[in-house]
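Reading the structure
Okay, here's what each chain looks like letter by letter:
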Amino acid sequence: MTESPTALAISLARGPLIGTFLGLILYGVTCIQAFFYFRTYEHDSWRLKMTVAVLVVLETTHAAMSMWVIDDYLVAHYGNVQALTSATWSSTSTYTLGLLIDFYVYLYFTWRIWLFTRSIWIVVLMSALSISRTVISILATVFSVLKPTWSNYLTSYKALILAGNVLFIVGDTFSATTMAYHLTKFKSWSHELPRSRPRRIDVLLNRLLIFAVATGALTSLVDLIALVLTLSQPHSLAFLSAILVQTRLYANSLLASLNIRNATLRAYDNACSPLELPAISLRFARPSDLSSMSDADDAARGRVRDVNKSGADSWQTTHVQSRTSPQV
């Protein structure tokens, strides 16, 4: 390899370094969300609490290993070109753990979609996508340490890396699209109910729809960025920056789906149907109408003041008479 040490550092270390920095920021968000969940939803089932606890442990381990890898490459082996150009078992273990976190979160969302749709074929398809993309990506990660240099690895297993990226895009897009489709379908069905029914269900479905589309679009966008970086920089590890961020987004999307429940219920309780609102007519007024309304209001205020004054005078007169009347 004829590249200078500076060019090698830019090509091989900048992507993981940026991904680690951004991932640690999102890890802080993960900790805040986990703290909020355990303080707010104390009465959740032990299964949900265990799911969050395991996720926090995995995320904490992954964050620590990400820092360890960066320290190993850029500090412990500073100036060692040979160490920079080859993969290690620490880097392989870190990226494998991130893929397992992605698999863990995707299974959670598969379970949630199953609860909502009760469709076997959707669950089977999502499970197949999740298992296939995880296995392919882990194989691509393990093969990195079997090659002498990153350049040889990126050249030899480019097709495997691209296959993993594409499957991640397909899986995230499919899960978000499936949830959005069934929410929209249920919303259209709810509109066929009698108009006397409250329309609070619209508020609930709209919030769920926005959340499903937003989280799915965000993770799919990061997957697409990883794919673009893989294609545009075939001899660089820049795509790892998006993959490290992707893991944190998965974890935060799971926690957000749990923490958003109270806000959704409040919006549902505060919403009311059109038939529950009083009939109010709103219209624009001309300046002449405003002046006449102002005169009418002044007159009304004057009458109120007169009534209050007369009532006060009457009370005062009665009070004085009661004091001057002789005692019996």
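Our subject is the structure listed above.
Here the structure is a predicted model, which is why all the values come from computation and not from measurement.

1. Quick look at the environment of Thr30
By the element assignment, Thr30 lies in helix H2 (residues 14-40). Placed 30 residues apart in sequence, Thr30 and Thr60 show a C-alpha to C-alpha distance of 9.5 Å. Excluding anything up to four places from it in sequence, Thr30 contacts Glu59, Ala251, Asn252 and Leu255. Within polar-contact distance, the side chain of Thr30 engages the side chain of Asn252 at 3.1 Å.

2. Some remarks on the packing of aromatic side chains
The geometry of two aromatic rings is summed up by the distance between their centres and the angle between their planes. Throughout the structure, instances matching the rule amount to seven aromatic pairs. Ring geometry for Tyr37 against Phe38: centres 5.3 Å apart, planes inclined by 70°, an arrangement best described as edge-to-face. Looking at Phe38, the relative accessible area reads 35%, which means it is partly exposed. Aromatic side chains Phe143 and Tyr157 sit 4.8 Å apart centroid to centroid with 25° between the ring planes, which places their arrangement in the stacked category. Note that Phe143 is positioned in helix H6 (residues 120-146) and Tyr157 in the loop between helix H7 (150-156) and helix H8 (158-190), a separation of 14 residues in sequence. Three or more aromatic residues joined by ring pairs make a cluster, and in this case those are Phe143, Trp150, Tyr153 and Tyr157. Between the NZ or CZ atom of Arg133 and the centre of the ring of Tyr106, over which it lies, the distance is 4.3 Å. Directly above the aromatic system of Tyr41 lies the positively charged group of Arg261, at a separation of 4.1 Å from the ring centroid.

3. As for the pattern of salt bridges
Per the counting criterion, the structure on display carries three salt bridges. For Asp44, the salt bridge is made with Arg261, and the minimal N-O distance between the two is 2.6 Å. One end of the pair, Asp44, is in the loop between H2 and helix H3 (46-76); the other, Arg261, is in helix H11 (residues 261-270), and 217 residues separate them in sequence. Judged by its relative accessible area of 17%, Asp44 falls in the buried class. Exposure remark for Arg261: the relative accessible area of 26% places this residue in the partly exposed category. Across the pair Arg133 and Asp172 runs a salt bridge, and its minimum N-O distance is 3.3 Å. Taken together, the positions of Arg133 in helix H6 and Asp172 in helix H8 put the pair 39 residues apart, joining distant regions of the chain. With respect to burial, Arg133 and Asp172 carry one shared label: buried.

4. Here's the deal with the layout of surface pockets
Its boundaries defined by the atoms lining it, the largest pocket holds a volume of some 680 Å³. Lining the largest pocket are 29 residues, with Phe109, Arg112, Met179, Phe211 and Ser257 sitting closest to its centre. For the lining of the largest pocket, the secondary structure elements donating two or more residues are helix H5 (89-117), H8, helix H9 (200-232), helix H10 (239-259) and H11. A class-by-class count of the residues in the lining of the largest pocket yields 19 nonpolar, seven polar and three charged.

5. Quick notes on H5
Between its first and last C-alpha atoms H5 spans 41 Å; for 29 residues at 1.5 Å apiece the expected length is 42 Å, and the two agree. Count one or two residues on from H5 and you reach Arg118, which has phi positive near 55°.

6. Remarks on the side chain of Asn165
Along the chain, Asn165 falls in helix H8. Asn165 sits in the buried class, given a relative accessible area of 8%. When sequence neighbours within four positions are dropped, the list of residues in contact with Asn165 reads Ala226, Leu227 and Thr230.

7. Points about a nonpolar patch on the surface
A contiguous nonpolar surface patch, about 420 Å² in accessible area, is contributed by Leu218, Leu221, Leu224, Ile225 and Val228. Within the secondary structure, Leu221 is located in helix H9. On the basis of relative accessibility, which here comes to 47%, the residue Leu221 falls in the partly exposed class.

8. Focus on empty space enclosed by the protein
For the structure shown, the criterion picks out five cavities of 30 Å³ or more. Put simply, the largest cavity is a space of about 300 Å³. Surrounding the largest cavity, 20 residues form its lining, Ser137, Thr141, Phe239, Leu240 and Ile243 being those nearest its centre. Counting only elements with at least two residues in the lining of the largest cavity, the list comes to H5, H6, H7, H8, H9 and H10. Take the lining of the largest cavity: its biggest share by element is five residues, from H8. Among the residues forming the lining of the largest cavity, the class breakdown is 13 nonpolar, six polar and one charged. Reported here for the second largest cavity is a volume of approximately 100 Å³. Together, Leu12, Ala13, Pro16, Val69, Ile70, Tyr73, Leu84, Ser91, Tyr95, Trp150, Leu237 and Leu240 line the second largest cavity. If you list the elements that add at least two residues to the lining of the second largest cavity, you get H3 and H5. Considering every element that reaches the lining of the second largest cavity, the biggest residue donor is H3, with three residues. Here the lining of the second largest cavity is composed, by residue class, of eleven nonpolar, one polar and no charged.

Cut-offs and rules
- Starting from 1, residues in each chain are numbered consecutively following that chain's sequence as written.
- Side-chain atom pairs in this predicted model are given and counted only at pLDDT of 80 or more, local residue features only at pLDDT of at least 70, and totals for whole chains, interfaces and linings cover all residues.
- Hydrogens and waters are ignored; side-chain quantities use all the structure's heavy atoms.
- By the criteria applied, helices consist of DSSP H or I runs no shorter than four residues and strands consist of E runs no shorter than two, each listed in order from the N terminus.
- Contacts are assigned to residue pairs that have any heavy atoms within 4.5 Å of one another.
- Here a polar contact is recorded for every N or O atom pair within 3.5 Å, except that within protein the pair must consist of a potential hydrogen donor and a potential acceptor, and residues adjacent in sequence are included only if both atoms are side-chain atoms.
- Whether two aromatic rings pair depends on their centres lying within 6.5 Å, for rings of Phe, Tyr and Trp, where Trp uses its six-membered ring; planes under 30 degrees apart make the pair stacked, over 60 edge-to-face, and the rest tilted.
- Only protein chains enter the accessibility calculation, which uses a 1.4 Å probe; a residue is then buried when its area is under 20% of its type maximum, exposed when over 50%, and partly exposed in between.
- Two conditions define a charge located above a ring, namely a distance within 6 Å from the ring centre to NZ of Lys or CZ of Arg, and an angle within 35 degrees of the ring normal.
- Here, a salt bridge means any Lys or Arg side-chain nitrogen found within 4 Å of an Asp or Glu carboxyl oxygen.
- Using only the protein atoms, space was sampled on a 1 Å grid; points where a 1.4 Å probe fits but cannot get out form cavities, open sets with protein on both sides within 12 Å along at least five of seven lines form pockets, and lining residues are those with an atom within 4 Å of a point.
- Grid points are joined across faces, edges and corners, and a volume is the space filled by probe spheres set on the points.
- Gly is placed with the polar residues, together with every amino acid not listed as nonpolar (Ala, Val, Leu, Ile, Met, Phe, Trp, Tyr, Cys and Pro) or charged (Asp, Glu, Lys and Arg).
- For a helix, the expected span equals 1.5 Å multiplied by the number of residues minus one.
- Within this analysis, patches are made of residues with over 30% relative accessible area and no salt bridge. Like charges are joined at 9 Å or less; nonpolar side chains (Val, Leu, Ile, Met, Phe, Trp, Tyr) at 5 Å or less.
- To measure how exposed things are, a 1.4 Å probe is used in the Shrake-Rupley method; for residues, cover is taken only from the protein chains shown.

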